[in-house]
Each structure stands twice: as C-alpha cells, then as structure tokens.
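Residue strings, one per chain:
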Amino acid sequence: MIFEKLRICSMPQFVRFIHDLVPLKEDPDVMVTDLLYGTIPVKLYQPKVSSSTPRVGIVFYHGGGAVMGSLRTHHTICSHLSKKSDSVVLAVGYRKLPQHKFPVALRDCIAATTHFLKSLNMYGVDPDRVVVCGDSVGGGMATAICQRFLGSPDLPKIRAQILIYASLQVLDFQLPSYQQNKNVPMASRDFAFYCLCTLLDIKPSWKSTIMKGAHLPAEFWEKYRKWLGAENIPERFKKRAYQPMPSEPLNESAYLETSLALDSVNSPLIAEDEVVAQLPETCIVSCEYDVLRDDSLLYKKRLEDLGVPVTWHHMEDGFHGVLSTLDMGYLHFPCSTRILDAMVQFLKGL
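Since we're looking at a predicted model, the values are computed, not measured.

J.: How should the overall build of the protein be read in this particular structure?
T.: Along the backbone of the protein there are 14 helices and eight strands. Here the C-alpha radius of gyration of the protein, 19 Å, is about what a compact globule of 350 residues would show, namely 20 Å. Each principal axis of the C-alpha atoms in the protein carries an extent, and together these give about 60 × 50 × 40 Å. Buried residues in the protein amount to 57% of all 350 residues. Counted over contacts in the protein with a minimum sequence separation of 6, partners at least 24 positions apart contribute 77%. Working note: accessible area of the protein is about 15700 Å², and carbon and sulfur atoms make up 56% of it. Charge-centre separation for the protein: the mean point of 37 positive side chains lies 3 Å from the mean point of 37 negative side chains.

This is the structure we're talking about:
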C-alpha cells in the first residue's frame, strides 16, 4: 500500500510480483506446456504416463479476487490435480485488475475455454468428461461460464463443475459468514469489498451504504430472499457471532453505480431457475473461516432444490485460500490436502 500511495505501482501489481518470485516445482510425472490462445497465456498439464482411453479434461480458473493470483501461484494445485486424477488440466491466465476491469477477465476465460473445447482431440480429452473448476473468484467464473455455455450446442457439453470456496454473489455483505469472518486474514470483508469496487468501478465511498444493503431496492430483497436469505443457511452456521441486519431504505445513487452487481455473471447465485436447473453435477467445497462460506451453502441449496446432484465437503478447520498452501513446507495446512483429495475423488467418479 505504501508503494501505491507513492504511485510507484499498485498494491495488486506488487503482490503479484512477490508471489511470482517463488520458483515453480516440477513434477517428473507431469508434462507442463506453456501456450498462447491468441493473446491469452495458458498452462497445459498432462500426465506423462500413456493412456489407452481419452482422459478427463479440466479447465481451471485461479482465484485471487481478479486482483491477485496467476498461473504461477496455482501451478502446484494444477500439477497435483493432473497427476492424482489422471486428467488433462488447462489453467487460464486471464487478465486482472486494476488495469483490466469487468468483463475482461471473464471474456478471457470464455475465449480460452472455447478454444480448449474445440481442441479436445489434440489433447487426448474425452468430450463427454470436461469439467470446469476454480477457487474463489475462479469458482465464480467456472459456474458463470457453465451457465453461459448451456446455450452453446456447437460445443461439447460441460460434464461437471468444481467450486472451491467460490465467490458466487456480490450483493449481500451481511450474511453470517461475512459477519463472523470479517477480519480473518487472506480474505477479509474489507478485501472482498475492495475487489468488488475495483472490478465494477464502484467508488469506495459507497462502502457504508452497500454494507447496510441500501444500494438495492426493497423489491430486490423481496424477490431474491428465497435464494439469498439467511434462513436458507443451516442453523449451526449462525451460532457464532451473527446478528441479522435489516436492509435500509434505498439510496438511488448507490443503486445506479452498483447495478452491475445484479448481473448473474457477477452473482451467478441469483441466475434464474431455468438456468440453474440445467447445470451439471457439482462438487462444492466450503471453509468455516471464510467470508464466502455462505455463498457455497446458498448455492448448494439452490442446486439441490432444483434437482442438480451436489457433492459437498465442508472444512471445519479451513479458511479462504487454504488450498494454495499445498507443498508450502511449514506453511502447509493439512486441510489443503483434504480439499485436493475431495476434488480427485469426485473426478474419478465421473
């Protein structure tokens, strides 16, 4: 933040620079290829052992709030995923904030996914077993793309989606998990709000108004309570430091500036029933100490209510971003291994 105030470079640029200094670990059993899909950098992970049948294909969108994260920060995750699930993994290096606002990152991911789906034979991927996967904002992109591709009959159908502590709505910052975990490191409520403002070009001065729910009209809260309301969250998740907060009267100016948050691309949790009901089998991982925990719980309920098969894993000792501690030595958390194992088990069942 000091560098940002001195106008040397932005906070996200500095953090990405530090993250990318960490050397990549090579796995002798996985072949990694750096490619360009047009101008979009991607990494392709393929098990070196030969296979007599086409493999599962995974398109992976990394997390980081569209501010941080990169192909390098998620290299270990993708490498382990490819090896342990015997899958072909394509990681997408989409452009990020603050230089590239909405919807640049999403467009990059859509373009890369389309290119991959049209090239499955080249990579030895089974067209009936293509999975989209992501963590944090990448999980939100995964399901937004899954929803969007429902109307693409010319492309192979997405077989499943894996959503790891995904960001699925940017509307309600007073859900139990936002209150309970507002000061938890890695993804505090303030950082989530910073990402929202940077992504949708919202003035940070609206923070108090948005936190109180005064940026959306009463009819919105009435319409979407059936999907967003805290009553849809199991009681055991509301016992720790949660106080229901009624929304305040609408601030018209704030509503006009934040209206992009209502787009289902940014809040896939509120996509219409006819869209959500068509989604494929889903694996959801949530973490207890995470502001985004309730996004997963609410989406799980929506999917199940509409008949979509859901495999859910909740990490009682997990926090946002914990999967990235794989192979971090003393900074490794056992929870990260359990998440990876859950993903692998789900993939092997497809």
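There's more to say after this.
J.: Explanation requested: the sheet that holds strand β2 (residues 40–47) in the structure shown.
T.: Within a sheet, neighbouring strands are paired by backbone hydrogen bonds and run either parallel or antiparallel to one another. Taken together, eight strands build an open sheet; the order of strands is β1-β2-β4-β3-β5-β6-β7-β8 and the sheet is mixed. Each of the sheet's edge strands pairs with one partner strand only, and the pair in question is β1 (30–37) and β8 (310–319). Neighbour-to-neighbour, the strand axes of this sheet turn through a mean angle of 20°, independent of strand direction. Summarising the sheet, strand β5 (residues 125–135) and strand β6 (residues 160–164) pair through five bridges and their orientation is parallel. If you follow V131 over to β6, its bridge partner there is A160. Along the sheet face, helix α13 (residues 293–305) touches β6, β7 (281–289) and β8 and points at about 150° away from the line of β7.

J.: Can you walk me through the UniProt feature "domain: Alpha/beta hydrolase fold-3" (unreviewed entry) in the protein in this structure?
T.: Per the UniProt annotation, the sites labelled "domain: Alpha/beta hydrolase fold-3" (unreviewed entry) are residues 58–189 and 253–323. Helix makes up 36% of residues 58–189 and strand makes up 19%, while its end C-alpha atoms are separated by 30 Å. Secondary structure across residues 253–323 comprises 32% helix and 27% strand; the distance between its end C-alpha atoms is 39 Å.

J.: How should the environment of E274 be read in this particular structure?
T.: One can find E274 in helix α12 (residues 273–276). For the pair E274 and K226, spaced 48 residues apart in sequence, the C-alpha to C-alpha distance is 15 Å.

J.: I keep staring at the UniProt feature "active site" (unreviewed entry) in the protein and nothing clicks. Help me out?
T.: On the UniProt side, "active site" (unreviewed entry) is annotated at positions that read S136, D290 and H320 here. For the annotated residues, spread through 185 residues, the largest C-alpha to C-alpha distance comes to 10.3 Å, consistent with a single compact locus. In this structure, D290 sits in the loop between β7 and α13. Beyond its immediate sequence surroundings of up to four residues, D290 is in contact with Y165, S177, N181 and H320. Position of H320 relative to the elements: it lies in the loop between β8 and α14 (334–348). At 2.8 Å, the side chain of H320 forms a polar contact with the side chain of S136.

Conventions we followed
- Residues numbered from 1 in each chain as written.
- Predicted model: local features only at pLDDT ≥ 70, side-chain atom pairs only at ≥ 80, totals over all residues.
- Heavy atoms only, no water.
- Helix = DSSP H or I, 4+ residues; strand = E, 2+ residues; numbered from the N terminus.
- Rg over C-alpha atoms; globule rule 2.2 N^0.38 Å.
- Buried < 20%, exposed > 50% of the residue type's maximum accessible area, 1.4 Å probe, protein only.
- Contact = heavy atoms within 4.5 Å.
- Areas by Shrake-Rupley, 256 points an atom, 1.4 Å probe, with all protein chains shown as cover.
- Lys, Arg positive; Asp, Glu negative; His and termini not counted.
- Charge placed at Lys NZ, Arg CZ, Asp CG, Glu CD.
- Pairing = 2+ DSSP bridges.
- Axes fitted to C-alpha atoms, helices over the stretch in contact; angles between N-to-C directions.
- UniProt positions renumbered as here; feature names shortened; annotations may be inferred.
- Polar contact = N/O pair within 3.5 Å; in protein donor to acceptor, adjacent residues only side chain to side chain.

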